[in-house]
Amino acid sequence: MSRIDVHAHFVPGFYREALVAAGHARPDGIKAIPEWSAEEALQTMDRLRVSRSYLSISSPGVHFGDDAAAARLARRCNEEAAELAVRHPGRFGWFASVPLPDVDAAVAEAHHSLGRLGADGIVLETNAHGQYLGNPALEPLYALAAERRVPVFVHPTTPYEAGHLALGYPRPMLEFLFETTRSITDLVLSGVLRRHEDLRVIVPHAGAALPILANRIELLLPLLAEGGATPPSMREALRALHFDLAGAPVREMLDALLSVADPDRIHYGSDYPFTPPDACARLAERLDTTDQLDGPLRAKIDSANAEALFSRRAREAGVLS
């Protein structure tokens, strides 16, 4: 049985250089930018029984303060991803990077990447210089993704102007989970999923703390009611969202996720290369052997759910130009 990996990253040399030049030699407080090459990625995929990986640029994304430079870097990353997909047919798909918070440039890059370069979706950081996922400015981008029926993959980044909250620890240890919870809650409660019913959002790391906090959010929803309007339900949203299992979801997080999510919307994720190959292998083995998943559900998570999510039927039907 082969896997499809919806949470995998690539780190081309020019992007590494851009990170270092922008002061991100240790992005989000991690030890170093991991090494990456297509050859090593394919070797790791074979080891993990991954037939196809959907690549994305990880945190901190492509915008380091200059709109024009961010647009150029996003375009270069997307062209590189498209070339990787061509050079290795069937092995790599990819999510287009967009230069938020410049929304006009982001929409233009999404159009180009989806229509010309063959991107399979869009990647968004949980915030772009303080622009969180419920921000009304992002409506054109959500409308585009919903119209073209392509997934939006969300990746955590350092909380805006709040890196100190990590208390000196690498932000992926704790803050990425809190940041994901914060931003996806904002997306849901701001009504994005209601306004864009065809929007397909992938939440990383087994939903972070959302499955645990769903009841508390629901309890306090009446505080948000205005003029008799019913606020969006977090529990309903958790059935509509997609989730990847990158990180260490077994056992506690997986139990929580399975209690609230649609089992047809859960996907395998490795987080390679930010999770090293040996750790990826150990985590994959835990998913293979846990008694929390029966055979049919494991098959869905490994590949069948992703095959359905990334179906090209919309493109073939002429939805995309």
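Structure: above.
Residues numbered from 1 in each chain as written. Predicted model: local features only at pLDDT ≥ 70, side-chain atom pairs only at ≥ 80, totals over all residues. Heavy atoms only, no water.

Caption draft 1: The arrangement of the packing of helix 3 (residues 67-87) against helix 4 (residues 103-117) in detail. The geometry of helix 3 relative to helix 4 is characterised by a closest axis approach of 11 Å and an angle of 15° between their N-to-C directions. By the criterion of interaxial angle, the relationship of helix 3 to helix 4 is roughly parallel. For the crossing formed where helix 3 meets helix 4, the hand is right-handed. Across the interface between the two elements, A74, R75, N78, E79 and A82 of helix 3 pack against E109, H112, S113 and L117 of helix 4. Along the lines of polarity and charge, the residues of the contact of helix 3 with helix 4 split into three nonpolar, three polar and three charged. (Axes fitted to C-alpha atoms, helices over the stretch in contact; angles between N-to-C directions. Helix = DSSP H or I, 4+ residues; strand = E, 2+ residues; numbered from the N terminus. Parallel < 35°, antiparallel > 145°, perpendicular 65-115°, else oblique. Left-handed = near helix turned anticlockwise from the far one by under 90°. Contact = heavy atoms within 4.5 Å. Nonpolar A, V, L, I, M, F, W, Y, C, P; charged D, E, K, R; others polar.)

Caption draft 2: Expanded view of the environment of P12. Assignment of secondary structure puts P12 in the loop between strand 1 (3-9) and helix 1 (13-21). Apart from residues no more than four positions distant in its own chain, P12 is found in contact with I57 and E80.

Caption draft 3: Structural view of unusual backbone geometry. Backbone torsion omega between S59 and P60 reads 10°, so that peptide bond is classified as cis. Of note, P60 is situated in the loop between strand 2 (50-56) and helix 3. Each neighbour pair has its own omega, and for V250 with R251 the value is 10°, a cis peptide bond. Backbone geometry at A206 places phi at a positive 60°, although glycine is not the residue there. Within the secondary structure, A206 sits in the loop between strand 8 (200-203) and helix 8 (210-220). Judged by relative accessible area, which is 1%, A206 ranks as buried. (Buried < 20%, exposed > 50% of the residue type's maximum accessible area, 1.4 Å probe, protein only.)

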